[in-house]
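# Observations on chain architecture
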Amino acid sequence: MKVSLKKVSAICAALFMSVLLLHAEKTAVDRLHAYTLDNGLSVFVAENHSAPLVYIEIAVRTGAVAQTAENAGLFHLYEHMMFKGNPKYPNAQAMQRALNDMGVPSWNGTTSTDRVNYFITVPVDQFEKGLEFWSYAVRSPLMDPKEFEDEKKVVLSEIQGYFGQPEMISSFYTSRNLFPEAPWTDDACGSVDVIRNATVSQLKDIQSKYYVPNNAAVLVGGDIDPDEAYRLVKKVYGDWKKGEDPWKDDAKQYSENPLKAPAYCVFPNASVSPQIAQIDVVYRGPDADFNLNDTYVADSLSYVIADPSGAFKKAMLKNSNLQIPDVGNIWARYMTSRRHGTLSFSAIVLYPMQNLPSRVHDFYDTLTKKALPAVQKDKSLDTQKKRQVLIQSIEDSLVRDTETAEGLLATVSYLWCYASRDYFPTYAENLCRVKKADFDSYLEKYIYGRNPMIKVYVNPAVYEQTKDAFDAAGFTEIKAENAFWWSK
């Protein structure tokens, strides 16, 4: 499905107007409608009549980002308690029966850095009941003391289980070092001590401050009429009392260059084949709360780097010493976040037994002294032909990600929480506006002169045989003991 840049602009403008007008209005985004209730609740409705089902999600703009060292993990614990009973469904069993009676095949909730969300899919004739189900769960959880103590054990078990999960160890090590002022704000799981000593009163404080309609969104999609969906959402949630803005106090941005020098580390990981290694160079990136325009440049740059015939990948592959198999094994990734933006450049390399520590250093040098400068020197990025290719890649990706009602709403929910309330309406348009001069400025600001974390992932057997070489080259071994901010 091809979407023109002109149509993308029309989509963005119409969606933005529909948010401002505060009433039902079809947007130029196919099958998408946006509203805001009088109490500040954002409502998004996506039509898709392919099956008699409705997806229902409630997203709350909070998570680890709102934590202190003293309450880190309580937003996650609160999420668990949402499923443990409320005035209509007094316990977990009653809630499960209600879901079964509605014919819900699956349900879940997640707590992450910038979002807490809950979602189910119901048959269309159960739509109103599904809305009511989440309304009771979100607005009036019982917080039964016995259920609370039992659930604390469940969460403690999850946290302790992370000690053995490689992806969690690696992720938390990054957070601990790139956000040293407050690593707990990037840790939705929290610490053992906090969960063990948690009280119901603490959770009620979280509820009163963050679980308010003006800090939440209801997203529904499927075999529904938008006006009827809006009427039902208003009927169920219209009396939810508006609260104070939980983000009214200005926040200080975390250090944009927290490392004194490039930090080299090695992570033995059994999921990595002995025949390969993975190298990641991770920088602090733009934060949506402070560098909003730069987030569009970061995303757009990722498309430029993904070009298999582009200057970046050509420069990386030209260095045969790196032993990168092909263009498909080189990528970049920007993680949009309100206050925890990161940007990484990665590659798979072969023959990890062959002088790998030196090749990791060579990878970093090639990245910063050849590949990224090659992007800055690539004058074709200013041509209309190259811009059209970039724009088409952006449009195709957007269409693919929003093809289904659930996919569209997932994108809206993510960007609404991880960036800003108004980010999605103009997202595609702003990506397409980025020009080569913006890339040049971005690289100067976020890459050159900043110190990254440089991680190499190897199989444990490979590491055992090359450990002395890594030690001699100044690499720090990543392990559970030095990954978690709360570990002693």
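Scroll up to find the structure.
What comes next concerns the included structure. Because the structure is a prediction, the values reported are computed rather than measured. (Residues numbered from 1 in each chain as written. Predicted model: local features only at pLDDT ≥ 70, side-chain atom pairs only at ≥ 80, totals over all residues. Heavy atoms only, no water.)

Attention now goes to the sheet that holds strand E12 (residues 476-477). Strands sit in the order E9-E10-E8-E11-E7-E12 across an open sheet of six strands; the sheet is mixed. If you trace the sheet from one side to the other, it starts and ends with strand E9 (330-335) and E12, each paired once. Sheet analysis places E9 next to strand E10 (residues 342-350), joined by six bridges and oriented antiparallel. Each bridged residue has a counterpart across the sheet, and for arginine 333 the counterpart in E10 is serine 344. Here helix H10 (residues 292-306) sits on the sheet and contacts E9 and E10; the angle it forms with E9, its principal contact strand, is near 165°. (Pairing = 2+ DSSP bridges. Helix = DSSP H or I, 4+ residues; strand = E, 2+ residues; numbered from the N terminus. Contact = heavy atoms within 4.5 Å. Axes fitted to C-alpha atoms, helices over the stretch in contact; angles between N-to-C directions.)

Strand order in the open sheet formed by six strands is E1-E2-E6-E3-E5-E4, with mixed pairing between adjacent strands. Edge positions in the sheet fall to strand E1 (32-36) and strand E4 (107-111), since each of these pairs with one other strand and no more. When strand polarity is set aside, the average angle formed by the axes of neighbouring strands in this sheet is 15°. Summarising the sheet, strand E3 (residues 53-60) and strand E5 (residues 116-123) pair through eight bridges and their orientation is antiparallel. When the bridges of E5 are listed, tyrosine 55 appears paired with threonine 121.

With that settled, the discussion passes to the packing of H10 against helix H16 (residues 436-446). When two helices pack together, their arrangement is given by the angle between the helix axes and the distance between those axes. Closest axis-to-axis distance for the H10/H16 pair is 10 Å, and the angle between their directions is 105°. Comparing the axis directions of H10 and H16 gives the class roughly perpendicular. Residues Asp294, Val297, Ala298, Ser300, Leu301 and Val304 of H10 form the contact with H16, whose participating residues are Asp438, Phe439, Tyr442, Leu443, Lys445 and Tyr446. For the contact of H10 with H16, the per-class residue count stands at eight nonpolar, one polar and three charged. (Parallel < 35°, antiparallel > 145°, perpendicular 65-115°, else oblique. Nonpolar A, V, L, I, M, F, W, Y, C, P; charged D, E, K, R; others polar.)

We now examine the environment of arginine 61. Note on placement: arginine 61 falls in the loop between E3 and helix H2 (74-81). Those residues in contact with arginine 61, other than ones at most four positions away along the chain, are Asp114, Asn215, Trp247, Asp289, Arg338, Trp416, Cys417, Ala419 and Ser420. In terms of polar contacts, arginine 61 uses its side chain to reach the backbone carbonyl oxygen of alanine 419, at 2.8 Å. (Polar contact = N/O pair within 3.5 Å; in protein donor to acceptor, adjacent residues only side chain to side chain.)

Right, let's talk about the packing of aromatic side chains for a bit. Applying the stated criterion to the full structure yields 31 aromatic pairs. Each ring, one from phenylalanine 163 and one from tryptophan 486, has its centre 5.6 Å from the other, and the planes form 85°; the classification is edge-to-face. Within this pair, whereas phenylalanine 163 is found in the loop between helix H5 (145-161) and helix H6 (166-178), its partner tryptophan 486 is found in the segment after helix H18 (480-483), the two being separated by 323 residues in sequence. Overall, phenylalanine 163 belongs to the partly exposed group, its relative accessible area being 32%. A ring pair is formed by tyrosine 296 and tyrosine 423, whose centres lie 4.9 Å apart and whose planes are at 5°; its orientation type is stacked. Pair noted here: tyrosine 296 is in helix H10 and tyrosine 423 is in the loop between helix H14 (405-418) and helix H15 (427-433), with a separation of 127 residues, a long-range link. Here tyrosine 296 matches tyrosine 423 in class, with each residue buried. Aromatic rings pair up to connect Phe83, Tyr89, Trp107, Tyr118, Phe133, Trp134 and Tyr136 into one cluster. One Lys or Arg, arginine 338, reaches over the ring of tryptophan 247 and ends 4.0 Å from the middle of that ring. (Phe/Tyr/Trp six-rings, centres within 6.5 Å; stacked < 30°, edge-to-face > 60°. Buried < 20%, exposed > 50% of the residue type's maximum accessible area, 1.4 Å probe, protein only. Lys NZ or Arg CZ within 6 Å of the ring centre and 35° of its normal.)

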